[in-house]
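Structural description and commentary
Now for the letters of each chain:
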Amino acid sequence: MARKILLEIIGLIIIVGLFSVVFVKYYDEDQKSSLGKMLHTGAVVSGYKVQDQVDKERIVTSFAEIKQTADQNRFSRGSTNSVPVLVYHGISPHENGNDITIRQFEDHMLSLKKAGYQTVSLDDLYAFMRGEKQLPQKSFVLTFDDGRKDSYYFTDYTLKVLNYTAVMFIVTKYSIESDHPYYLNLEELNKMKQSGRWDIQSHSYEGHARIKINPEGDRGSFFGNKMWIEPENRVETDNEYRLRIYNDIAKAKENLETVFDHEIHSFAIPFSDFGQFENNFPGADKINAEIYQEFYKMFFYQYKPIKNRDFRTNYNDRKKDTYFVMRITVYPSTTAENILAEMDASQEITLPYQENFSNGFRWLGTWGNFTFGEDSLLLTNTVELGTTLAYLDGSYLLRDYNVKVGIDDIQNSSFSLVTRFQNVDTYSHCIYNEKYVVFESIVEGQQIDFTRVKIPPYLSLHSAKHIGANVLGQNVECLIDDTIIFNGEAAGVAPYGGVALKSWLPKNNSQGFVKFNSFEITEVKP
């Protein structure tokens, strides 16, 4: 009996092996194309022969094994209201600083493909964000920054096998005006375009650089700071700064449109810094935004989070002519399991939604310190850390809902249940402390509503099992257990937005925490 089973297993292995060989042979017939020539003529990138580093047989065999599952996951989905964008930088055969290895990239893409994810174009993304086109669930955009040779040569075969497309954002001074050994040249860019797999867009003319910003020699991002002019011992004037940014943006777009003879509508901001962080020129972000809008439809930057957009993915909630587009950065430490978990966690959630804080990828932080325990979320407060805020990714488009959060323990902290969370400057929330429930609305950092209601004597926050909020249109109710403490309107706040938890120290306390043990949201119908 054992011998028979062994023979059957050996036979199955032989059949699978023969199938893989045949699949590779016939799938690969058109490799006499530009990609095929590149792989078979011994192209060298970063000192490595591409044909020695790209394991074609492994990619094709792996795809053959997951194809049926991938197709089932792809065709069983409806339309989406959110689209994530991934960004890679360098791809290397081996571990090398901030680069992703070839094997990692292949594993990332195979994992996404198996789960049903499919790439869409920038034109698709733009039409989607304007509400002019529906896209399937698990749509995403794949991007690469800098125009590095390794990002093309070590990835293109995988894209071809998986029927994926990608965008390469290039620094035109190096890729179009010169033949640099590190960056893709004009001949290579044309081959990429002709393949139909690659879109080429702008990453500046020469703005991917750290410039000197003061007499001490400190350096900052090209777009986010005024430049120190050494011969004149001064920083740029406002007009000189604006002109430098304008000229770089204009020249990059002109370079690309002249070469490729079509509209260049997207720009990846180098270092994701356009002056929204600490810099030597307050107001740089507004100048950059004005200039970008004159030349491009979409401006790409990485999720941090940052003050003007905290959610990791991109939504179709506002029809505009131009958009800042959020991207998820892929790091060397990102495993195939991690990238899939992060992509899944960024997707729009559907109601009812319930969890016990077991999925750490769903909750994101802006300030302070929060940690996950066994079925719990702990918000910690100290004088040094200040306020802590954690929000639920994928909740951005929620409209009318009830949210209930289980309380495990409270020590020396005030806290709030945030609703209608647009970003850290615009939201409403129910604030809880020992004596009062306070309802407050914040719009663009300004307090709009503030109402304080005393907690009835028969209720105690420390003995409560949960807090809650009911949101319907502009009306908000704040609850302890199932008792409504506040009922009123959230003036000036959008009729949709995410959910967050926030905590801070009351006066005269040096440390504290709030521990939550359950979380659920249910839909409320008008």
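A brief report on the enclosed structure follows. (Residues numbered from 1 in each chain as written. Predicted model: local features only at pLDDT ≥ 70, side-chain atom pairs only at ≥ 80, totals over all residues. Heavy atoms only, no water.)

1. A look at the packing of aromatic side chains
What the rule picks out here adds up to 42 aromatic pairs. Taking the centre distance of 5.5 Å and the plane angle of 50° together, the rings of Tyr292 and Phe299 count as tilted. When the ring of Phe357 is compared with that of Trp363, the centres are 5.5 Å apart and the planes differ by 55°; the resulting orientation is tilted. Note on Phe357: relative accessible area 1%, which makes it buried. An aromatic cluster of at least three residues, connected via ring pairs, comprises Phe222, Phe223, Phe267, Phe274, Tyr292, Tyr296, Phe299, Tyr301 and Phe324. One Lys or Arg, Arg210, reaches over the ring of Phe271 and ends 3.9 Å from the middle of that ring. (Phe/Tyr/Trp six-rings, centres within 6.5 Å; stacked < 30°, edge-to-face > 60°. Buried < 20%, exposed > 50% of the residue type's maximum accessible area, 1.4 Å probe, protein only. Lys NZ or Arg CZ within 6 Å of the ring centre and 35° of its normal.)

2. Some thoughts on the packing of helix H11 (residues 238-260) against helix H12 (residues 284-295)
Two numbers describe how H11 lies on H12: the axes approach to 10 Å, and their chain directions differ by 30°. One element, H11, and the other, H12, form an angle in the roughly parallel class. Two packed elements cross with a definite hand, and for H11 against H12 that hand is right-handed. Listed contacts from H12 to Tyr241, Arg242, Ile245, Tyr246, Ile249, Ala250 and Lys253 of H11 are Ala284, Ile287, Asn288, Glu290, Ile291, Tyr292, Glu294 and Phe295. (Axes fitted to C-alpha atoms, helices over the stretch in contact; angles between N-to-C directions. Helix = DSSP H or I, 4+ residues; strand = E, 2+ residues; numbered from the N terminus. Parallel < 35°, antiparallel > 145°, perpendicular 65-115°, else oblique. Left-handed = near helix turned anticlockwise from the far one by under 90°. Contact = heavy atoms within 4.5 Å.)

3. Digging into H12
Compared with an ideal rise of 1.5 Å per residue, which puts 12 residues at 16 Å, H12 spans 17 Å between its outermost C-alpha atoms and is within 8% of the ideal. Ala284, Asp285, Ile287, Asn288, Ala289, Ile291, Tyr292 and Phe295 are the residues of H12 that are buried. As for H12, its buried residues are in contact with H11, strand S15 (266-268), strand S16 (298-302) and strand S18 (323-329). (Expected span 1.5 Å × (residues − 1).)

4. Notes on the nonpolar core
Counting residues in hydrophobic clusters, the biggest one holds 80 residues, and the most contacted among them are Leu86, Tyr88, Phe105, Leu142, Phe144, Met168 and Ile249. Residue contributions to this core peak at 6 residues, all from H11. Here Tyr88 is in contact with Ile100, Phe105, His108, Met109, Leu142, Thr143, Phe144, Asp145, Val330 and Ile339, once residues within four sequence places are set aside. By size, the runner-up hydrophobic cluster in this structure holds 40 residues, among which are Trp363, Val403, Val476 and Ile480. (Core = buried A, V, L, I, M, F, W, Y, C linked by side-chain atoms within 4.5 Å.)

5. Some thoughts on unusual backbone geometry
Looking along the chain, the bond that leaves Leu351 and enters Pro352 is cis, with omega of 5°. Within the fold, Pro352 resides in the loop between helix H13 (336-346) and strand S19 (353-355). One non-glycine residue with positive phi stands out, namely Asp375, at about 60°. By the element assignment, Asp375 lies in the loop between strand S21 (369-373) and strand S22 (376-382).

6. Side note on the sheet that holds strand S28 (residues 446-454)
Within the open sheet, the 7 strands sit side by side as S20-S23-S32-S25-S26-S27-S28. Their pairing is antiparallel. What marks the edges here is a single partner per strand, and that holds for strand S20 (363-367) and S28. Averaged over all adjacent pairs, the angle separating strand axes in this sheet is 20°, with direction ignored. (Pairing = 2+ DSSP bridges.)

7. A look at the state of the cysteines
Per the counting criterion, the structure on display carries 1 disulfide. The disulfide bridge from Cys430 ends at Cys478, spanning 2.0 Å between sulfur atoms. Negative torsions about the S-S bond denote left-handed disulfides, and the value of about -75° found for Cys430 with Cys478 makes this one left-handed. Within this pair, whereas Cys430 is found in strand S26 (residues 426-432), its partner Cys478 is found in strand S30 (residues 475-480), the two being separated by 48 residues in sequence. The pair formed by Cys430 and Cys478 is uniform in burial state, with each residue classed as buried. (Disulfide = S-S within 2.5 Å.)

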